[in-house]
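Given next are the chains, with one letter for each unit.
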Amino acid sequence: SYLHPHVQVLRTLRDRYLLSSRLGRAFVAAYYHYSPPVADFISRHDILKAAVRVLLLPLMWLSFLMLWMGPVPLVVMLSLLLLLPVVLLSRKRIRT
């Protein structure tokens, strides 16, 4: 639905970040070109609808965090989260 909170978050992300750059505008144009037939196909298959809803949740949360925190803090936070397992594994190897 157009008024669903998730749709509003994605619309705000599009307007605030994607439409402000050439690459973002190209992405939005490609999305509007290719998504209708893909969405039509997905809408006819219940298992795909459920899978897409689950797969879109991380994108939804990242979009929300980007709007709440801004892009730089989000990138820093995600980088630290991605580096954490590397640091923990390297510390474990040093001990053994």
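Everything numeric here is computed off the predicted structure, so don't read it as measured data.

Trainee: Looking at this structure, how should I read the pattern of salt bridges?
Mentor: When charged atoms on two side chains of opposite charge get close, those side chains can pair. In this structure the tally under the stated criterion is three salt bridges. Arg-44 is the salt-bridge partner of Asp-40, the closest N and O atoms lying 3.1 Å from each other. For Asp-40, a relative accessible area of 40% puts it in the partly exposed group. What makes Arg-44 exposed here is its relative accessible area of 53%. In this structure, the salt-bridge partner of Lys-49 is Asp-46, at a minimum N-O distance of 3.4 Å.

Trainee: What should I look at first to understand helix H2 (residues 22-43) in this one?
Mentor: Along an α-helix, a turn takes 3.6 residues, which lines up residues three or four apart on a common side. For H2, with 22 residues, the first-to-last C-alpha span of 31 Å sits near the 32 Å given by 1.5 Å per residue. Along its length, H2 shows its largest kink, about 45°, at Ser-35, and proline Pro-36 lies within four residues downstream of that point. Listed as buried for H2 are Gly-24, Val-28, Ser-35 and Ile-42. Against helix H1 (5-16) and helix H3 (46-69) lie the buried residues of H2.

Conventions and cut-offs
- Residues numbered from 1 in each chain as written.
- Predicted model: local features only at pLDDT ≥ 70, side-chain atom pairs only at ≥ 80, totals over all residues.
- Heavy atoms only, no water.
- Salt bridge = Lys/Arg side-chain N within 4 Å of Asp/Glu carboxyl O.
- Buried < 20%, exposed > 50% of the residue type's maximum accessible area, 1.4 Å probe, protein only.
- Helix = DSSP H or I, 4+ residues; strand = E, 2+ residues; numbered from the N terminus.
- Expected span 1.5 Å × (residues − 1).
- Bend = angle between axes of the 7 residues up to and from the residue.
- Contact = heavy atoms within 4.5 Å.

So yeah, pure geometry; function would need other evidence.
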